Amino acid sequence: VLMGLALYAIGAIFWLLVLSKLDVTKAYPFVGLGFLLTMVFGVLLLKESFGATRAIGTVLVAMGVVLVARS
């Protein structure tokens, strides 16, 4: 739990640094990448299952990040 809180604090600091350099409209789409990283770490570290439904969802999230970032 303490490690999770520490990582959350580090993430918050990085987010503030990003927001100090970029507009929110350009930075916020990359929040969606957090879902992708969580999925990757869950599969690799926690040996969670990864089926077709998760693959499709992952592709949709990635496409959404790209589309919002380009607009």
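Now for a description of the structure that goes with this document.

### As for the layout of surface pockets
Point 1. By volume, the largest pocket amounts to about 690 Å³.
Point 2. Taken together, 16 residues form the lining of the largest pocket, with Leu 7, Tyr 8, Gly 11, Ala 12 and Gly 34 sitting closest to its centre.
Point 3. Looking at the lining of the largest pocket, the elements with two or more residues in it are helix 1 (2–21) and helix 3 (32–46).
Point 4. If one sorts the elements of the lining of the largest pocket by residue count, helix 1 sits on top with nine residues.

### Quick notes on a nonpolar patch on the surface
Point 1. A cluster of nonpolar residues, Met 3, Leu 7, Ile 10, Ile 13, Phe 14 and Leu 17, forms a patch on the protein surface that exposes about 650 Å² of accessible area.
Point 2. In this fold, Ile 10 is placed in helix 1.

### Points about helix 3
Point 1. In a regular helix each residue adds 1.5 Å, so 15 residues correspond to 21 Å; helix 3 covers 21 Å between its end C-alpha atoms and thus fits that length.
Point 2. Taken as a whole, helix 3 has its buried residues at Gly 32, Leu 36, Met 39 and Gly 42. Take helix 3 and look down its axis: the buried residues cluster within an arc of 125°, on one side only. Facing away from the buried side of helix 3, by more than 90 degrees, are the exposed residues Thr 38, Leu 44, Leu 45 and Leu 46.
Point 3. Looking at the buried side of helix 3, the elements it contacts are helix 4 (52–70).

Calculation notes
Residues numbered from 1 in each chain as written. Predicted model: local features only at pLDDT ≥ 70, side-chain atom pairs only at ≥ 80, totals over all residues. Heavy atoms only, no water. 1 Å grid on protein atoms, 1.4 Å probe; cavity = no way out; pocket = protein on both sides within 12 Å on 5 of 7 lines; lining within 4 Å. Points joined across faces, edges and corners; volume = space filled by probe spheres on them. Helix = DSSP H or I, 4+ residues; strand = E, 2+ residues; numbered from the N terminus. Patch = residues over 30% accessible without salt bridge, like charges linked within 9 Å, V, L, I, M, F, W, Y side chains within 5 Å. Areas by Shrake-Rupley, 256 points an atom, 1.4 Å probe, with all protein chains shown as cover. Salt bridge = Lys/Arg side-chain N within 4 Å of Asp/Glu carboxyl O. Expected span 1.5 Å × (residues − 1). Buried < 20%, exposed > 50% of the residue type's maximum accessible area, 1.4 Å probe, protein only. Arc of directions from axis to C-beta. Contact = heavy atoms within 4.5 Å.

That's the geometry; what it means functionally is another story.
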